[in-house]
Amino acid sequence: MEFAPICVYLVISLLLSLILIGVSFLFASSSSLAYPEKLSAYECGFDPLDDARSRFDIRFYLVSILFIIFDLEVTFLFPWAVSLNKIGLFGFWSMIVFLLILTIGFIYEWKKGALDWE
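Residues numbered from 1 in each chain as written. Predicted model: local features only at pLDDT ≥ 70, side-chain atom pairs only at ≥ 80, totals over all residues. Heavy atoms only, no water.

### Some remarks on the overall build of the protein
Where we set the bar: Labels follow the DSSP assignment, with helices taken as runs of H or I lasting at least four residues and strands as runs of E lasting at least two, numbered in each case from the N terminus. In this scheme, a residue with accessible area under 20% of its type's maximum is buried, one over 50% is exposed, and one in between is partly exposed, where area comes from a 1.4 Å probe on protein chains only. Per-residue accessibility takes into account occlusion by the displayed protein chains alone, with areas from the Shrake-Rupley method and a 1.4 Å probe.
In terms of helices and strands, the protein carries four helices and zero strands. Sequence-ordered secondary structure for the protein, helices as α and strands as β, is α-α-α-α. Within the protein, buried positions represent 6% of all 118 residues. A total accessible area of about 10,800 Å² is found for the protein, and carbon and sulfur atoms account for 72% of it.

Here it is as structure tokens:
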């Protein structure tokens, strides 16, 4: 009996999902089948039927790597912010040092021109 609310939640979510899928199939336009372009995959401006080994700018990789690095910073900041009152002054200053190192790295990348898109 203690898991009854969870079971009710699961049943309601399953029913709602099935209803929404059914309604989308019910109201789907069959005229979209007349246009094969609408059914083809859109790959960020690249032709999906073209050669997969086409060349494009390396800066896309650099931007994605920088995004991953600074996105990981946020994953370290969240637990620190939640437990800030328990870790004390040492935890506070260790995170400040971590943020300082990341800021220095960001300024270095900026000065080297890694963020310029010219």
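Anyway, onward from the coordinates.
### Section: the UniProt feature "transmembrane region" (unreviewed entry) in the protein
Test applied: UniProt positions are given in the numbering used here, feature names are shortened, and annotations may be inferred rather than shown by experiment.
Within the UniProt annotation, "transmembrane region" (unreviewed entry) is assigned to residues 6-28, 60-81 and 87-108. Annotated as 91% helix and 0% strand, the span residues 6-28 places its first and last C-alpha atoms 33 Å apart. Taken end to end, residues 60-81 is 100% helix and 0% strand, and its first and last C-alpha atoms sit 32 Å apart.

### Observations concerning helix H3 (residues 59-82)
Worth spelling out the cut-off: Each helix should span, by expectation, one fewer than its residue count multiplied by 1.5 Å. Throughout, a residue-residue contact means that at least one pair of heavy atoms, one from each residue, lies within 4.5 Å.
Here H3 spans 35 Å end to end across 24 residues, near enough to the 34 Å set by a 1.5 Å rise per residue. Here H3 has its buried residues at Leu66, Glu73 and Trp80. Contacts from the buried residues of H3 go to helix H4 (84-112).

### Side note on the side chain of Glu73
Put simply, the rule reads: The positive count covers Lys and Arg only, the negative count covers Asp and Glu only, and His and the chain ends enter neither. We define a salt bridge as a side-chain nitrogen of Lys or Arg found within 4 Å of a carboxyl oxygen belonging to Asp or Glu.
Following the sequence through the fold, Glu73 ends up in helix H3. The side chain of Glu73 sits in the buried core without any salt bridge; Lys111 is the nearest counter-charge, 18 Å away. Residue contacts for Glu73: discarding those within four places in its chain leaves Phe98, Leu99 and Leu102.

### With respect to H4
Worth spelling out the cut-off: What the bend at a residue measures is the angle between two axes, fitted to the seven residues ending there and to the seven starting there.
Helix length check: H4, at 29 residues, gives a terminal C-alpha distance of 35 Å against a target of 42 Å (1.5 Å per residue), a shortfall beyond 12%. Along H4, the sharpest kink reaches roughly 75 degrees, centred on Phe90. Taken as a whole, H4 has its buried residues at Gly91, Met95 and Leu102. At the C-terminal side of H4, Gly113 shows a positive phi close to 90 degrees.

### Some words on the environment of Phe98
You can see Phe98 is positioned in helix H4. Take Phe98: its relative accessible area is 28%, and that puts it in the partly exposed class. Between the alpha carbons of Phe98 and Leu77 there is a distance of 9.8 Å; along the sequence they are 21 residues apart.

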